[in-house]
Amino acid sequence: MGYKGFSDFRSDTVTRPTEEMRKAMYNAEVGDDVLGDDPTVIKLEELAAEVTGKEAALFVPSGTMGNTIAVKLGSVEGTEVILEEKCHIYNFEAANMARYAYVMPRPVKSENGQMPVEEIKANIKTVLREHIPGTSMICLENTHNYHGGAPLPLNYIKEVSKIAKDNKLHFHLDGARMFNASTALKVDVKEITKHFDSVMFCLSKGLCAPVGSMLVGDKEFIKKARFLRKSLGGGMRQAGILAAAGIIAIEKMTKRLEEDHIRAKKLAEGIADLKGIKVDLESVQTNFVMVELETMSSFEFLRELEKEGVLALPFSETRVRFVIHNDIDDNDVEKAIKVIRGVF
């Protein structure tokens, strides 16, 4: 299913809307969402709240905006927020924690995205002296982008949730790919989201919607979030055109994610025996394949792949990420395996 001659494994954000989405967008009933009367946006927000088991939801232009709003509302200015050292909120969201929430990140090292519970406890601070900031929030990421799409085990989430509640801390989930997590864990997504005070998930990562993410929480939280969305420039008018694709993303595209996971495993197995390259097969649990290079740089490797019509994303000088999505089929996977084997 390569597009314009390329098999594009760079990200699951490169997906194009399905034909059904395009028709739904064309026929979408719209209003003015800033005035609160776009019926398709209302339907999307009600659906997002229902599937996550939360009271309310807000349609935002991006996952970064959703996380920024959540951190701003969930934290207290001048305090610390505990999060994993390689997480998206800390590393890839334009320093918005500092720009808009006025909080200090307290990054904690992890194993596959799981910060050790004892380390979380050890980093929770109460204000012992006036120059030491307290802690107001804990954030998790599921699945974890940097750690190869690793899903967080439910028991781990429960443990951290208890810590947050015991210490009266807001507990937020960057769940950009949480449907991949629920698919891998074989549980309803509510079994993940019920432990969090707020959750952000993306419609444009793996679910094929062209634009948008959802922020969910209780009614009061979302009421405040709506105001912040406007202040950040995220108030959209006839947004029902975009929301129509989001509805299909939740209702239908979440059901097919296992296909991506199977293809990711197939890709990993097809190159794992090569010398000069490392692939941890056990780490391939969702739609990511992380490759460590031993004999060439990421950029050399990617140049060779691009010559043969295969695209992937560099994560470091020696680390490359391949992501499977709706626009990648078995032929693309076979092509990638053949090309990579040819390089080595």
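Scroll up a little and you will see the structure.
Definitions and limits used
Residues numbered from 1 in each chain as written. Predicted model: local features only at pLDDT ≥ 70, side-chain atom pairs only at ≥ 80, totals over all residues. Heavy atoms only, no water. Pairing = 2+ DSSP bridges. Helix = DSSP H or I, 4+ residues; strand = E, 2+ residues; numbered from the N terminus. Axes fitted to C-alpha atoms, helices over the stretch in contact; angles between N-to-C directions. Contact = heavy atoms within 4.5 Å. Core = buried A, V, L, I, M, F, W, Y, C linked by side-chain atoms within 4.5 Å. Buried < 20%, exposed > 50% of the residue type's maximum accessible area, 1.4 Å probe, protein only. Lys, Arg positive; Asp, Glu negative; His and termini not counted. Salt bridge = Lys/Arg side-chain N within 4 Å of Asp/Glu carboxyl O. Polar contact = N/O pair within 3.5 Å; in protein donor to acceptor, adjacent residues only side chain to side chain.

(A) Examining the sheet that holds strand β3 (residues 80-84) more closely. If you trace the seven strands from one edge of the open sheet to the other, you get β2-β8-β7-β6-β5-β3-β4, paired in mixed fashion. Two strands close off the open sheet at either side, each with one partner strand: β2 (56-60) and β4 (104-108). Across the sheet, the axes of successive neighbouring strands diverge by a mean angle of 20°, strand direction being ignored. Relative to strand β6 (residues 170-174), strand β5 (residues 135-141) runs parallel, the two sharing five bridges. For Glu-141, the partnering residue across the bridge sits in β6 and is Asp-174. Of the strands in this sheet, β2, β7 (198-202) and β8 (213-217) touch helix α2 (residues 39-52), which is tilted by about 125° from β2.

(B) Broad picture of the nonpolar core. One finds Phe-59, Ile-138, Leu-140, Phe-201 and Leu-203 to be the most contacted residues of the largest nonpolar core, which totals 54 residues. Considering every element that reaches this core, the biggest residue donor is helix α11 (residues 240-251), with seven residues. Setting aside residues up to four positions removed in sequence, Leu-140 forms contacts with Met-115, Leu-152, Tyr-156, Val-160, Phe-171, His-172, Leu-173, Asp-174 and Phe-196. Judged by nonpolar contacts, the second largest core, of 27 residues, contains Ile-277, Val-310, Ala-312 and Val-320.

(C) Broad picture of the side chain of Glu-93. With respect to the element layout, Glu-93 can be found in the loop between α4 (88-91) and α5 (96-101). Of the side chains bearing the opposite charge, Lys-205 lies closest to the buried Glu-93, which forms no salt bridge; the N-O distance is 7.1 Å. A polar contact of 3.0 Å, which involves the side chain of Glu-93, links it to the side chain of Asn-67. Sequence-distant contacts of Glu-93, defined by excluding residues within four places in its chain, comprise Gly-63, Thr-64, Asn-67, His-88 and Asp-174.

(D) Structural context of the environment of Pro-116. With respect to the helices and strands, the residue Pro-116 is situated in the loop between β4 and α6 (117-123). Separated by 32 residues in sequence, Pro-116 and Glu-84 have C-alpha atoms that sit 9.9 Å apart. Residues in contact with Pro-116, not counting those within four places in the same chain, are Lys-109 and Ser-110.

(E) How the structure looks around the sheet that holds strand β9 (residues 277-278). On the basis of which strands lie adjacent, the open sheet formed by four strands has the order β9-β10-β13-β12 and antiparallel pairing. Strands at the two margins of the open sheet, each flanked by one partner only, are β9 and β12 (313-314). Bridge count for β9 against strand β10 (residues 288-293) is two bridges, and the pairing is antiparallel. Bridge assignment links Lys-278 to a residue of β10, and that residue is Glu-292. The strands that helix α12 (residues 257-271) touches are β9, β10 and β13 (319-323); relative to β10, the one it contacts most, it runs at about 20°.

(F) Region of the structure containing the pattern of salt bridges. Summed over the entire model, instances satisfying the criterion amount to 23 salt bridges. A salt bridge links Asp-260 to Arg-256, with the shortest nitrogen-to-oxygen separation between them at 2.6 Å. Here the two residues Asp-260 and Arg-256 agree in accessibility, since each one is buried. Salt bridges here are not isolated pairs; linked through shared partners, they connect Arg-256, Glu-259, Asp-260, Arg-263 and Asp-330.

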